[in-house]
Amino acid sequence: MKRIIIAFLLIALFAGPAYAVNNVERLLYKEFVIKAYNQKVLVNRFTGRVTYIWQPPTSIMIYGRTIGPDGEWIPIYEAEMQKMWQSLYEKEYTSKGAAQ
């Protein structure tokens, strides 16, 4: 019985829809709000690299599909987009100070 419960817990930890952030990734990333655009991003806690942006529900196709009714974390694939969000994050994070 313990093995079945552990198996279900492991499946629940790693399972998730495409483009979703699972529970393990939630430990690796911290959420940060870029106030200039009122945009939430996920930043790697160890490297400080912006990896995901929050996309609220929309009927517009993003990466070939629509966003669900609750919104989703979307990985940043384009280098220019990643560079833009990274520079905005660094400006706001350093202006706030690392003490937060």
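For the structure given in this document, a descriptive report is provided here. (Residues numbered from 1 in each chain as written. Predicted model: local features only at pLDDT ≥ 70, side-chain atom pairs only at ≥ 80, totals over all residues. Heavy atoms only, no water.)

Attention shifts here to the overall build of the protein. The helix and strand inventory of the protein stands at three helices and four strands. Going from N to C terminus, the protein has its helices and strands arranged as α-α-β-β-β-β-α. Put simply, the protein has 100 residues, and 29% of those count as buried. When contacts within the protein are restricted to residue pairs at least 6 apart in sequence, those whose partners lie at least 24 apart make up 36%. Only carbon and sulfur atoms are counted for the fraction: they give 61% of the accessible area of the protein, which is about 7200 Å². (Helix = DSSP H or I, 4+ residues; strand = E, 2+ residues; numbered from the N terminus. Buried < 20%, exposed > 50% of the residue type's maximum accessible area, 1.4 Å probe, protein only. Contact = heavy atoms within 4.5 Å. Areas by Shrake-Rupley, 256 points an atom, 1.4 Å probe, with all protein chains shown as cover.)

To continue, consider the sheet that holds strand β1 (residues 29-34). Pairing in this open sheet of four strands is antiparallel, and the strands run β1-β2-β3-β4 from one edge to the other. Here the strands that pair on one side only, and so sit at the sheet edges, are β1 and β4 (72-75). Direction aside, neighbouring strands of the sheet carry axes that sit 35 degrees apart on average. In this sheet, strand β3 (residues 50-55) lies alongside strand β2 (residues 39-44) in antiparallel orientation, the contact comprising three bridges. When the bridges of β3 are listed, V43 appears paired with V50. (Pairing = 2+ DSSP bridges. Axes fitted to C-alpha atoms, helices over the stretch in contact; angles between N-to-C directions.)

Looking now at the nonpolar core. The biggest cluster of nonpolar side chains holds ten residues, and these are F32, I34, V41, V43, V50, I53, I76, W85, L88 and Y89. Among the elements of the structure, β1, β2, β3 and α3 (79-96) are those that each provide at least two residues to this core. Not counting residues up to four positions away in its chain, the partners in contact with L88 are I34 and Y37. (Core = buried A, V, L, I, M, F, W, Y, C linked by side-chain atoms within 4.5 Å.)

For the rest of this paragraph, the subject is the packing of aromatic side chains. If you walk through the whole model with that rule in mind, you get six aromatic pairs. Ring plane angle 70 degrees and centroid distance 5.2 Å describe the contact between W54 and W73, whose orientation is recorded as edge-to-face. Here W73 lies in strand β4 and W54 lies in strand β3, a separation of 19 residues in the sequence. A residue is classified by how much of its surface remains accessible, and W73, at 13% relative accessible area, is buried. Between the aromatic rings of Y89 and Y93, the centroid separation amounts to 5.3 Å while the plane-to-plane angle is 20 degrees, which identifies the pairing as stacked. One end of the pair, Y89, and the other, Y93, are both in helix α3, four residues apart, so they sit about a helical turn from each other. Residue classification places Y89 among the buried positions, given a relative accessible area of 4%. For Y93, a relative accessible area of 26% puts it in the partly exposed group. Chaining the aromatic ring pairs together yields one cluster made of F32, Y89 and Y93. Directly above the aromatic system of W54 lies the positively charged group of K40, at a separation of 4.8 Å from the ring centroid. (Phe/Tyr/Trp six-rings, centres within 6.5 Å; stacked < 30°, edge-to-face > 60°. Lys NZ or Arg CZ within 6 Å of the ring centre and 35° of its normal.)

Read these as spatial facts, not as claims about activity.
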